[in-house]
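Observations on the three-dimensional arrangement
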There are 2 protein chains.
Amino acid sequence: MDRPQAVEKLVKVFRQYGYEGATLSRISQATGLGKASLYHHFPNGKQEMAAAVLQYVGEWFENTILMPLRSQEEPAQRIRLMSDRLRQFYDCGRSACLLAIFTLGESDDLFHAQVNQMLNAWIDSLAEVMVESGISAKQARLRAEDAVIQVQGALVLTRGLDDTEPFERTLRQLPVNLLEGCHL
Amino acid sequence: MDRPQAVEKLVKVFRQYGYEGATLSRISQATGLGKASLYHHFPNGKQEMAAAVLQYVGEWFENTILMPLRSQEEPAQRIRLMSDRLRQFYDCGRSACLLAIFTLGESDDLFHAQVNQMLNAWIDSLAEVMVESGISAKQARLRAEDAVIQVQGALVLTRGLDDTEPFERTLRQLPVNLLEGCHL
DNA sequence: GTCTATACACCGATAGAC
DNA sequence: GTCTATCGGTGTATAGAC
């Protein structure tokens, strides 16, 4: 078991239980590694594990979800590609978002800067698509924020209602909401 | 210190730290009560404290936020009243939502049913306003869900960006989003 | 109704063998 | 690189005095 493999397991634990709830016991069980082995891969302990998770997810998000937004496809198609990846990433809305989770408790103090940066990266990438579609920078920023709001809110509702439909519907609506008024 | 007073303090702790992060030490400090005293008011311990918090918030939500939706004001005004109460309740978006927090970790297993019920109560109350405004039941339900999505998502973004503007803007937009197409 | 004192499990973390 | 064993601290919970 190398570190990247371990990190993938860690992601699941932190997403399900949050920072405080992600105990070394649960992490040990999820990875199959003993506690001492975990400290071989992450000498600074749980805090480093969470940081590694955040970095891994940040890169995955950048390469898998935001990359389609910068492709040569037409704008609407780029948004649809992002939506498809989001559906996969969040398991149709059943898995929580680390960015939301890490704004709670201790992890907020530790990782607020990274969370802020990742949210802005997402918003900026979305806004760029709209600017290319002829929307003003100011309007593009507002619509991009609204899109992130809708995805995050849909995650909460889908998990709370135990029904993936709100999340699916929100993803379907994204291209329309973002590019309304553009020549499509 | 009687139990209702204690519960009000508990709400803050659970909202800030989540279920697992709300330790008896923090609760003891926040309430000024020793751990043993807490067990006088809540014999079943932390689980009962969280349940009391959820019930208290549920009643407060019902009486303070949903009540205006059933008033005799015109629909748009009812939505505006709800938005004002929401702004107060969530401290302009700086305080997290217990319903979102309790869908994580252990607390999800314990309180999923209550969270589900409270979200549905909110959605139903919103939908009722729209039905009275001439919107079909089906459409009303969809718009109501969207409103909850937007409030929850705006909370995540406002907290993540450390900027209350997205939350404020979302609340301002609610009447328009919900009653678009109605004679206002 | 609140306290001090305490029980016992689990927490994050470390030592050292293999 | 993984393990067993263990540390000091903290977690939830309880006993019993006042």
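First, a word on what this report is: a plain description of the structure on this page.

Procedures and definitions
Residues numbered from 1 in each chain as written. Chains lettered and ligands numbered in written order. Predicted model: local features only at pLDDT ≥ 70, side-chain atom pairs only at ≥ 80, totals over all residues. Heavy atoms only, no water. 1 Å grid on protein atoms, 1.4 Å probe; cavity = no way out; pocket = protein on both sides within 12 Å on 5 of 7 lines; lining within 4 Å. Points joined across faces, edges and corners; volume = space filled by probe spheres on them. Helix = DSSP H or I, 4+ residues; strand = E, 2+ residues; numbered from the N terminus. Nonpolar A, V, L, I, M, F, W, Y, C, P; charged D, E, K, R; others polar. Near = heavy atom within 4 Å. Polar contact = N/O pair within 3.5 Å; in protein donor to acceptor, adjacent residues only side chain to side chain. Least-squares fit on C-alpha atoms with pLDDT ≥ 70 in both. Contact = heavy atoms within 4.5 Å. Salt bridge = Lys/Arg side-chain N within 4 Å of Asp/Glu carboxyl O. Buried < 20%, exposed > 50% of the residue type's maximum accessible area, 1.4 Å probe, protein only. Buried area = accessible area lost by both parts, 1.4 Å probe. Phe/Tyr/Trp six-rings, centres within 6.5 Å; stacked < 30°, edge-to-face > 60°.

**So, empty space enclosed by the protein**
Under the defined criterion, the tally for this structure stands at four cavities of 30 Å³ or more. A volume near 280 Å³ is recorded for the largest cavity. Looking at the lining of the largest cavity, the elements that each hand over two or more residues are helix H6 (98–101) and helix H8 (137–161) of chain A together with helix H6 (98–101) and helix H8 (137–161) of chain B. Its residues placed into classes, the lining of the largest cavity shows 14 nonpolar, four polar and two charged. Within this model, the second largest cavity holds a volume of roughly 120 Å³. What lines the second largest cavity is a set of 15 residues, and nearest its centre among them are Tyr17, Gly18 and Leu104 of chain A together with Tyr17 and Gly18 of chain B. For the lining of the second largest cavity, the secondary-structure elements that each account for two or more residues are helix H1 (3–21) of chain A together with helix H1 (3–21) of chain B. Considering every element that reaches the lining of the second largest cavity, the biggest residue donor is H1 of chain A, with five residues. Considering only residue class, the lining of the second largest cavity consists of eight nonpolar, five polar and two charged.

**Some remarks on the protein's contact with DNA strand D**
Neighbouring DNA strand D are 17 residues; Gly34, Ala36 and His41 of chain A together with Leu24 and Tyr39 of chain B lie closest to it. When atoms of DNA strand D within 4 Å of the protein are sorted by moiety, sugar and phosphate together comprise 65%. Within the side chain of serine 37 of chain A, one N or O atom sits 3.1 Å away from a phosphate oxygen of DNA strand D. Between a phosphate oxygen of DNA strand D and a side-chain N or O atom of tyrosine 39 of chain B, the distance comes to 2.5 Å.

**Quick look at the relation of the copies chain A and chain B**
One copy of the chain maps onto the other through a rotation about an axis followed by a shift along the same axis. Note on the copies: chain A fits chain B at an RMSD of 0.0 Å, the axial shift is 0.0 Å, and the rotation between them is 180 degrees. Taken together, the rotation and translation relating the two chain copies correspond to the operation of a two-fold axis. Relative to the rotation axis, the C-alpha of glycine 153 of chain A is the closest in chain A, positioned 1.8 Å from it. Counting the interface residues of chain A, we find that 100% of their copies in chain B are interface residues as well, pointing to one common contact surface.

**Some remarks on unusual backbone geometry**
Residues and elements named next belong to chain A. The backbone of aspartate 91 sits at a positive phi, close to 50 degrees, despite the residue not being glycine. Considering the arrangement of structural elements, one finds aspartate 91 in the loop between helix H5 (75–89) and H6. Phi is positive for aspartate 162, which is not a glycine, with a value near 60 degrees.

**Some remarks on the protein's contact with DNA strand C**
In the vicinity of DNA strand C lie 17 residues, with Leu24, Ser25 and Tyr39 of chain A together with Gly34 and His41 of chain B positioned nearest. Here, DNA strand C places atoms within 4 Å of the protein, and 62% of those atoms are sugar or phosphate. Histidine 41 of chain B has a polar side-chain atom sitting 2.7 Å from a phosphate oxygen of DNA strand C. It is helix H3 (residues 35–41) of chain B that contributes the most residues to the surface near DNA strand C, four residues altogether.

**Let's talk about the pattern of salt bridges**
Per the stated rule, a full pass over the model turns up 26 salt bridges over all chains. The shortest N-O distance in the salt bridge between arginine 78 of chain B and glutamate 132 of chain B comes to 3.0 Å. Highlighted residues: arginine 78 of chain B in helix H5 (residues 75–89) and glutamate 132 of chain B in helix H7 (residues 105–132), separated in sequence by 54 residues. Arginine 172 of chain B is paired through a salt bridge with glutamate 165 of chain B; the nearest N and O atoms lie 3.9 Å apart. Residue glutamate 165 of chain B is classed as partly exposed on the basis of its relative accessible area, which comes to 31%. Members of the salt-bridge network, linked through shared partners, are Asp124, Arg141, Glu145 and Asp146 of chain A together with Glu165, Arg169 and Arg172 of chain B.

**Some details on the interface of chain A and chain B**
Taken residue by residue, the interface counts 39 residues in chain A and 39 residues in chain B. Carbon and sulfur atoms supply 65% of the area that chain A and chain B bury against each other, a total of about 3000 Å² over both sides. On inspection of chain A and its partner chain B, the count reaches five salt bridges. In this structure, glutamate 145 of chain B and arginine 169 of chain A form a salt bridge, with 2.4 Å as the shortest nitrogen-oxygen distance. Remark: the boundary between chain A and chain B carries ten residue pairs in polar contact (both at pLDDT 80 or more). Listed by contribution, the elements that provide at least two residues to the side of chain A that touches chain B are H1, H6, helix H7 (105–132), H8 and helix H9 (165–179) of chain A. Sort the elements by how many residues they give to the side of chain A that touches chain B and H8 of chain A lands first, with 15 residues. A class-by-class count of the residues in the side of chain A that touches chain B yields 16 nonpolar, twelve polar and eleven charged.

**Observations concerning the packing of aromatic side chains**
Residue and element names in this part refer to chain A. Counted according to the given criterion, the structure contains 20 aromatic pairs over all chains. Relative to phenylalanine 102, the ring of tyrosine 19 has its centre 6.2 Å away and its plane inclined at 85 degrees; by these criteria the two rings are edge-to-face. Of the two residues, tyrosine 19 is situated in helix H1 and phenylalanine 102 in the loop between H6 and H7; the sequence distance between them amounts to 83 residues. Where tyrosine 19 meets phenylalanine 111, the ring centres are 6.2 Å apart and the plane angle is 70 degrees; that geometry is what we call edge-to-face. Of this pair, tyrosine 19 sits in helix H1 while phenylalanine 111 sits in helix H7, and the two are 92 residues apart along the sequence.

**A closer look at the layout of surface pockets**
One number sums up the size of the largest pocket: a volume of about 1100 Å³. Gln150 and Asn177 of chain A together with Gln150, Asn177 and Glu180 of chain B are the residues nearest the centre of the largest pocket, which is lined by 29 residues in total. For the lining of the largest pocket, the secondary structure elements donating two or more residues are H8 and H9 of chain A together with H8 and helix H9 (165–179) of chain B. Residue composition of the lining of the largest pocket, by class: ten nonpolar, ten polar and nine charged. Of the voids in this model, the second largest pocket is the one considered here, and its volume is about 670 Å³. What lines the second largest pocket is a set of 29 residues, and nearest its centre among them are Lys12, Arg15, Gln16, Ser95 and Ala96 of chain B. Among the elements of the structure, H7 of chain A together with H1, helix H4 (46–66), H5 and H8 of chain B are those that each provide at least two residues to the lining of the second largest pocket. By residue number, the principal contributor to the lining of the second largest pocket is H1 of chain B, which donates eight residues. Across the lining of the second largest pocket, the residue classes tally to eight nonpolar, nine polar and twelve charged.

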